[in-house]
Amino acid sequence: MAGDDADFTAYLVARWGGLVRTLVLLGLPQPVAEEACLTGFARCREAWRDIRELDDVDVEVHRAVLDVRPRGEVEPVALPVPEDPTEAERLRLLLQRQLAGLAAEQREAFVLHRAAGLDRAQVADVLDLPLETIDRRVADALAALDPELRSEDAVRAATATIDVSPPPYDEVGARVREMRRRRRRVGLAVAAVLVVATGTGVWVTTRTAAPAPSAPPLHVVAQRNPVGTPWYAAGRLHLRTVVVELPGVTDAAAVGESVAYVDQDGTVGIVDGAGARTVIGTAVPGSTVLGSGGDGWAVWLHPEETGVRVVVWSTITDAVVETLAVSPGTRLVALDQSRVFTQTDAGLVVWSPADPGAGPVRVGDHELAAVGYDTEVYQVGRRIQVARSFAYIVYSRPGIGAILSGDAIHLVTRRPGPGEPGPAYTPLLYDVGDGEPHPTGIAPDERVLDTAFEAGDGLDYFVVKAADRGAVDGGPSTVPVLRRCTPVVGEVGSMTCHDVEPVPTQGGTPFFAD
């Protein structure tokens, strides 16, 4: 294994910059190109022992990276133009302009051959096309380009002027660990064929199931998210490195680097970290979608003639894990440690979809507000009750609803009482261990439209002035602000906050996909 690590690291160092530059010349903005390369290299790392035994490692790695690049429309972002360009920089600007004028298939074959340095037989293998087709496309591209760009040396000198980030050793390792963790928690059951009768047809949960409804490609813009949580506002979904135009979304949940969403028509979809969308089902309009990065699951309520059905979808296998018929009026509450929590008038129900043959279990009469890491938060009137089973701690605090941090160390709730109409509220932040309140980073004359925890117990908010709390439909006086608060190292309970940017409200209240 140590030999695999050293060999893979050496390959990553040698090929990272070239692969990122290749995707940039193929028209991807640099952040999107780096995200695709990161995912592609992570997939290759998992199978590195097998890949390096193949005849051509370069072919396999280029194929893996191209397979994960966005397939929809990606808005190009011009690289900075130097004030006094060198000869190589001048050639790069000329190359980019002329590549933009080529047919996509010509540009792809030319860039893989001349910029990435693959020979034509390798390009044919990467694209799974006959060698004659590659020869023709490269020849057509050369004929259309300026004579200055027809030599391999000129193209490679131009390509080398594209600055890229250093090879992301740690990020690749983290992505691999995340992929492994998801697969372990999904279990072997997702690989089997599962046919579940429903009121409207049959669920076939294998990768060869009937294709999901088609959807047009999304418009994607390269733009880094200024906070650590995906969010939605004014018809745009903000992921880690891209913004995706996606009108009509009513709820969304993070699933690792992807986001699951439900729109106003009840369409359920997954948008991956590069902005590519897959439509995966239909939900009850206006209902909730849940997501889990650890499991790689998205969960929603599918409407049927006689009721509704809970559907659990794996983003790892692109298949349904399991479904469960439930009574009308059932609400999805939480997804934690491979367990789906639902609430009905009869009480709280827990279901473990990954356990073969497991059915729903009613566990109590209380209304669940949040759950995570053996910590459960219940709504009891206008107070929340916190129960930590491993520590035998139970206490009550004022609050309506709850959001737990990823490590269940802190929770945010909504202050109960008068003077809190509309969607905006005053947040209360508690230490889960002892129930002590902490500063929230919200001033007395401010209210919050939505809240999300980041890794490390940071908090993200959409903030409005108290006078505007009931008017978030795009009025001239209402401009929510995206605020990020991070804990102060060494000062327990202290935070430092800064306002990132104003947030448009056309189309509804902004919210986090947490």
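Just so it is clear, the model here is predicted, and its values are computed rather than measured.

1. Some thoughts on the sheet that holds strand β28 (residues 446-453)
Right, on to step 1. With antiparallel pairing, the four strands of this open sheet are ordered in space as β28-β29-β30-β31. If you trace the sheet from one side to the other, it starts and ends with β28 and β31 (495-502), each paired once. Pairwise comparison of adjacent strand axes, ignoring direction, gives a mean angle of 25° for this sheet.
Right, on to step 2. Pairing of strand β29 (residues 459-465) with strand β30 (residues 481-487), which is carried by five bridges, proceeds in the antiparallel orientation. Its bridge partner lying in β30, D460 is registered against R484.

2. Observations regarding the packing of helix α6 (residues 104-115) against helix α9 (residues 152-159)
Packed helices, taken two at a time, are described by the angle their axes make and the gap between the axes.
Right, on to step 1. The N-to-C vectors of α6 and α9 enclose an angle of 90°; their axes lie 9 Å apart at closest approach. Taken together, the axes of α6 and α9 are roughly perpendicular relative to one another. Side by side, α6 and α9 meet where F110, H113, R114 and A115 of the first sit next to E152, V155, R156 and T159 of the second.
Right, on to step 2. Grouping the constituent residues of the contact of α6 with α9 by class yields three nonpolar, two polar and three charged.

3. Here's the deal with unusual backbone geometry
Right, on to step 1. Of note, the phi angle at A234 is positive, near 50°, even though the residue is not glycine.
Right, on to step 2. By the element assignment, A234 lies in the loop between β5 (231-233) and β6 (236-238).
Right, on to step 3. Judged by its relative accessible area of 29%, A234 falls in the partly exposed class.
Right, on to step 4. Positive phi, normally seen in glycine, also occurs at A408, with a value near 55°.
Right, on to step 5. Assignment of secondary structure puts A408 in the loop between β24 (400-404) and β25 (410-414).

4. Structural notes on the packing of helix α2 (residues 30-46) against helix α4 (residues 57-68)
Right, on to step 1. The interhelical angle for the contact between α2 and α4, taken along N-to-C directions, is 130°, at an axis separation of 8 Å. Compared by their axis directions, α2 and α4 come out oblique. With respect to the hand of their crossing, α2 and α4 are arranged in right-handed fashion. Listed contacts from α4 to A36, C37, T39, G40, F41, R43 and C44 of α2 are E60, V61, A64, V65 and V68.
Right, on to step 2. In the contact of α2 with α4, the residues fall into eight nonpolar, two polar and two charged.

5. As for the pattern of salt bridges
Right, on to step 1. Taken as a whole and assessed by the stated rule, the structure comprises 18 salt bridges.
Right, on to step 2. Residues E60 and R63 are paired through a salt bridge, measuring 3.1 Å at the closest nitrogen-oxygen approach. Here E60 and its partner R63 are both found in helix α4, three residues apart, which amounts to about one turn of the helix.
Right, on to step 3. Two residues, R90 and E148, come together in a salt bridge whose shortest N-O distance is 2.6 Å. With R90 in helix α5 (residues 87-100) and E148 in the loop between α8 (131-144) and α9, the pair connects residues that are 58 residues apart, well separated along the chain.
Right, on to step 4. Three or more residues are tied together by salt bridges with common partners; here these are E35, R240 and E257.

6. What to know about the sheet that holds strand β19 (residues 361-364)
Adjacent strands of a sheet pair through backbone hydrogen bonds, lying either parallel or antiparallel.
Right, on to step 1. Across the sheet, which stays open at both edges, the four strands sit in the order β16-β17-β18-β19 with antiparallel pairing between neighbours. Bordering the open sheet on either side are β16 (331-336) and β19, each of which pairs with just one other strand. Pairwise comparison of adjacent strand axes, ignoring direction, gives a mean angle of 30° for this sheet.

7. Topic: the pairing of strand β14 (residues 308-314)
Right, on to step 1. Of all seven residues in β14, seven are buried; the element is thus mostly enclosed.
Right, on to step 2. Taking every second residue as pointing to the same face, both faces of β14 are buried, with V308, V310, V312 and S314 on one and R309, V311 and W313 on the other.
Right, on to step 3. Relative to β14, strand β13 (residues 297-303) runs antiparallel, the two sharing seven bridges. From the neighbouring strand, W297 faces β14, where its bridge partner is S314.
Right, on to step 4. Here β13 folds back onto β14, and the loop between the two strands holds four residues.

8. Examining α8
Right, on to step 1. With 14 residues, α8 ought to run about 20 Å at 1.5 Å a step, and its terminal C-alpha atoms sit 20 Å apart, in line with that.
Right, on to step 2. Here α8 has its buried residues at T133, I134, V138, A141 and L142. The buried residues of α8 occupy an angular sector of 165° when projected down its axis, which confines them to one face. Those residues of α8 that are exposed and angled more than 90 degrees off the buried face are E132 and A143.
Right, on to step 3. Buried residues along α8 sit in contact with α6 and α7 (120-127).

Procedures and definitions
- Residues numbered from 1 in each chain as written.
- Predicted model: local features only at pLDDT ≥ 70, side-chain atom pairs only at ≥ 80, totals over all residues.
- Heavy atoms only, no water.
- Pairing = 2+ DSSP bridges.
- Helix = DSSP H or I, 4+ residues; strand = E, 2+ residues; numbered from the N terminus.
- Axes fitted to C-alpha atoms, helices over the stretch in contact; angles between N-to-C directions.
- Parallel < 35°, antiparallel > 145°, perpendicular 65-115°, else oblique.
- Contact = heavy atoms within 4.5 Å.
- Nonpolar A, V, L, I, M, F, W, Y, C, P; charged D, E, K, R; others polar.
- Buried < 20%, exposed > 50% of the residue type's maximum accessible area, 1.4 Å probe, protein only.
- Left-handed = near helix turned anticlockwise from the far one by under 90°.
- Salt bridge = Lys/Arg side-chain N within 4 Å of Asp/Glu carboxyl O.
- Expected span 1.5 Å × (residues − 1).
- Arc of directions from axis to C-beta.

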